[in-house]
Amino acid sequence: MELLFYLLVGGIIGWMASEVSGTSVPGGVVGHFTAGIAGSWIGAQLFGAFGPIIGGIAVFPALIGAIIFVVIFGLIAKALK
């Protein structure tokens, strides 16, 4: 059950990051999950854990990390087209 909640929170953070950055995530829903989970890892490595923690994910660093991930992933996807 914790894994499902972790994936749900990761997907929501990935979706929020794509909305904030204005860049669509390639891969649809799976891309949002990937961006949210990778972003939470990037954010935790860069900024630590601060703010509210939901489902084991610190929301603010995860959102910042996911925005970074989405922008970089979007640039790479455009370059490969």
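Look up: the structure comes first, before these words.
Scope of this entry: the structure provided in the associated data block. (Residues numbered from 1 in each chain as written. Predicted model: local features only at pLDDT ≥ 70, side-chain atom pairs only at ≥ 80, totals over all residues. Heavy atoms only, no water.)

Details of the overall build of the protein chain
From N to C terminus, the protein chain includes three helices and two strands. Each helix (α) and strand (β) of the protein chain, taken in turn from the N terminus, gives the series α-α-β-β-α. The C-alpha atoms of the protein chain give 12 Å as radius of gyration, which agrees with the globular expectation for 81 residues (12 Å, within 12%). For the protein chain, the C-alpha atoms occupy an extent of roughly 35 × 25 × 15 Å along the three principal directions. For the protein chain, the proportion of its 81 residues judged to be buried stands at 32%. The contacts in the protein chain between residues at least 6 apart in sequence include a share of 55% that link residues at least 24 apart. By element, 75% of the accessible surface of the protein chain is carried by carbon and sulfur atoms, the whole surface being about 5,000 Å². (Helix = DSSP H or I, 4+ residues; strand = E, 2+ residues; numbered from the N terminus. Rg over C-alpha atoms; globule rule 2.2 N^0.38 Å. Buried < 20%, exposed > 50% of the residue type's maximum accessible area, 1.4 Å probe, protein only. Contact = heavy atoms within 4.5 Å. Areas by Shrake-Rupley, 256 points an atom, 1.4 Å probe, with all protein chains shown as cover.)

Structural notes on the packing of aromatic side chains
The tally for this structure, following the rule as stated, stands at two aromatic pairs. An angle of 10° between the planes, with centres 5.6 Å apart, marks the rings of phenylalanine 69 and phenylalanine 73 as stacked. Pair noted here: phenylalanine 69 and phenylalanine 73 are both in helix α3 (residues 59-80), with a separation of four residues, about one helical turn. (Phe/Tyr/Trp six-rings, centres within 6.5 Å; stacked < 30°, edge-to-face > 60°.)

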